[in-house]
Amino acid sequence: MYVYISSLIAGLIFTIQPVFLTYYLLRHIGCRVSQLVRKFFLPVICPAAIVSTIQQALLVVLPLYVLSIGGTLAESAMIIGFKGIGMMLGDLPAGLLLARFGDKRLMLGAAVTSSLSLALMALFPTLGVLTAAALLLGFAHGSWLVGRISYVSDAAAPNERGRVMSLSAGTIRLGNVVGPLLAGFMIAAQGYQVTLAVFTLSSLLVVLFVALWVVYSKPHGEDSHHVAALQDAVVDNRKVLLTAGVASLALMLVRASRALLLPLTGAALLLDETSIGMVISIGAVVDTLLFYPAGTMMDRIGRKPMFIASLTLLGLSISLLPMAEGLWSLILIASLMGLGNGVSAGVIMTVGSDLAPRLNRGGFIGIWRLLSDVGSTSGPLLIGLMVKLSGLAMASYSIGLLGLLGGAFVVKAMRETHRKDDRVEVDRKG
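Let me sum up the structure you'll find in this document.

The rules we used
Residues numbered from 1 in each chain as written. Predicted model: local features only at pLDDT ≥ 70, side-chain atom pairs only at ≥ 80, totals over all residues. Heavy atoms only, no water. Helix = DSSP H or I, 4+ residues; strand = E, 2+ residues; numbered from the N terminus. Buried < 20%, exposed > 50% of the residue type's maximum accessible area, 1.4 Å probe, protein only. Areas by Shrake-Rupley, 256 points an atom, 1.4 Å probe, with all protein chains shown as cover. Expected span 1.5 Å × (residues − 1). Contact = heavy atoms within 4.5 Å. Core = buried A, V, L, I, M, F, W, Y, C linked by side-chain atoms within 4.5 Å. Polar contact = N/O pair within 3.5 Å; in protein donor to acceptor, adjacent residues only side chain to side chain. Axes fitted to C-alpha atoms, helices over the stretch in contact; angles between N-to-C directions. Left-handed = near helix turned anticlockwise from the far one by under 90°. Nonpolar A, V, L, I, M, F, W, Y, C, P; charged D, E, K, R; others polar. Salt bridge = Lys/Arg side-chain N within 4 Å of Asp/Glu carboxyl O. Parallel < 35°, antiparallel > 145°, perpendicular 65-115°, else oblique. Phe/Tyr/Trp six-rings, centres within 6.5 Å; stacked < 30°, edge-to-face > 60°.

This paragraph deals with the overall build of the protein. A count of helical and extended segments in the protein gives 18 helices and 0 strands. The buried share of the protein, reckoned over its 430 residues, is 54%. Total accessible area on the protein stands at roughly 17,900 Å², and carbon and sulfur atoms take up 71% of it.

In structure tokens, the structure reads:
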């Protein structure tokens, strides 16, 4: 019992490490940053850090857990797919729930549902329960993201919204580092069920942060929670969705493709696992170091330039992958990828927050999140199909071209969302 309790405590401490890492880094950037951190640290940054750590750790835990209970490799891979499906299924209903109950209650419900899903996984190690719980967990995570965008839209002024969203995105990047380490440590120490029990308790910490420090605001009077509101949101915002929405989908697709193409290229170059891991880590370090500067630039020069820079840099770097000749050239390309991804930290959430209208706002945010999830889910599927049909090099060139075309599309079609005379600012003030 003593060992069990000690493992739970150690796991909890490890889970919230991104909270302390983020706070330490930002406290040493400057006074203006510190003011922003004090305002949003407890309601936004802390819960985002815990959620991102758990989500990244589950990418390791769930497939291995399925194998440990006798599942096949195919079933092990599918469990993460079910979680992604749950997110997409949750986006639109979450928008309606946002309109009905408000952002605080939606985030509370999502955190409680996440805890319940993780508890089911820990208590009932069967494939059927794990599959259902993965769907429910994805649904809850999608709802959480919808609620967070809505909350930041209200709580953050337009001239600080980019930094708040980039801080939230920065915790995801720190979670990318801490989450897998936590998973390996906990599994080795006490096994899968104790690991999932730790994540359950950590999700309850998120409930505590939201309950105590997120300020409740009533749902907007113009926001309908009926299903017809989704159709109205599409019709009323069709121009925005066909421009900024398509650009967001393209950016998420290119981002997701990059994460798969880089290790595949390393394998094609006959690099060993250690070298491939080093390449990915170097790119991740460059990416992580840029999250706050990216937010500052979004608030100073606008969202559109960061969108263009990210799509262009990612498209260029992915196009260079077939030209890599060995370890050092791949490191340079990975660093350029990290630069391209880093400058867009939080930009999709920020643009969605800027564009969220007063009328049918919940439906709009749900649709916005769905576009992002479709992009991130379709990227790996598209890569797999293209590699099978035409090879890895052609897949890299095609995705790279898509990124470059996406950047050109943003230049031509997407308007800047961060302007004082913008409709968005008028809408926000009512």
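Time to look at helix H11 (residues 273–289). For H11, built from 17 residues, the straight-helix expectation of 24 Å at 1.5 Å per residue is met to within 8% by its first-to-last C-alpha distance of 24 Å. Buried within H11 are the following residues: Ser275, Ile276, Val279, Gly283, Asp287 and Thr288. Buried-residue contacts for H11 involve helix H7 (158–190), helix H10 (238–268), helix H12 (291–301) and helix H14 (327–342).

The phi dihedral of Leu270 is positive, around 65°, even though this residue is not glycine. Given a relative accessible area of 76%, Leu270 falls into the exposed group. Look at Asn360: it is not a glycine, yet its phi comes out positive at around 55°. Within the fold, Asn360 resides in the loop between helix H15 (347–355) and helix H16 (361–390).

Right, let's talk about the environment of Gly375 for a bit. By secondary structure assignment, the location of Gly375 is in helix H16. Take Gly375: its relative accessible area is 0%, and that puts it in the buried class. Between the alpha carbons of Gly375 and Ser257 there is a distance of 9.7 Å; along the sequence they are 118 residues apart. If we ignore the near neighbours within four places in the chain, the residues touching Gly375 are Leu249, Met252 and Leu253.

Another aspect to go through is the nonpolar core. Residues Met121, Leu196, Phe199 and Phe307 are the most contacted members of the largest nonpolar core, which totals 102 residues. For this core, the element with the most residues is helix H3 (residues 31–68), which contributes 16 residues.

Another aspect to go through is the side chain of Ser317. As for its position among the elements, Ser317 is in helix H13 (residues 303–320). Look at Ser317 and you get buried, because its relative accessible area is 0%. Here the side chain of Ser317 touches Leu314 through a polar contact of 3.0 Å, landing on its backbone oxygen. Those residues in contact with Ser317 that sit more than four places away from it in its chain are Ile333, Leu336 and Met337.

This part covers the packing of H10 against H13. The N-to-C vectors of H10 and H13 enclose an angle of 35°; their axes lie 10 Å apart at closest approach. Pair H10 / H13 crosses with left-handed handedness. Contact residues: H10 offers Ala247, Ser248, Ala250, Leu251, Val254, Arg255, Arg258 and Leu261, while H13 offers Phe307, Ser310, Leu311, Leu314 and Ile318. Residues that form the contact of H10 with H13 fall into these classes: 9 nonpolar, 2 polar and 2 charged.

With that settled, consider the pattern of salt bridges. This model, assessed by the stated rule, comprises 8 salt bridges. With its nearest N and O atoms 2.8 Å apart, the salt bridge here joins Lys39 to Glu160. Of this pair, Lys39 sits in helix H3 while Glu160 sits in helix H7, placing them 121 residues apart in sequence. Ionic pairing is found between Asp154 and Arg361, a salt bridge with its closest N-O pair at 3.2 Å.

As a packed pair, H10 and H14 sit with axes 12 Å apart at the nearest point and diverge in direction by 170°. Considering the angle they form, H10 stands roughly antiparallel to H14. Facing Arg255, Arg258, Leu262, Thr265 and Gly266 of H10, the residues of H14 in contact are Leu330, Ala334, Met337 and Asn341. Along the lines of polarity and charge, the residues of the contact of H10 with H14 split into 4 nonpolar, 3 polar and 2 charged.

Here the structure, examined in full by the defined rule, presents 3 aromatic pairs. Geometrically, the ring pair formed by Tyr65 and Tyr192 is stacked, given 5.4 Å between the ring centres and 20° between the ring planes. In this pair, Tyr65 sits in helix H3 while Tyr192 sits in helix H8 (residues 192–213), placing the two residues 127 residues apart along the sequence. Residues Tyr65 and Tyr192 agree in their burial class; the two are buried. On the numbers, 5.5 Å between centres and 40° between planes, the contact of Phe209 with Trp213 is tilted. With a gap of 4 residues between them, Phe209 and Trp213 both fall in helix H8, about one helical turn apart. Overall, the relative accessible area of 16% leaves Phe209 in the buried class.

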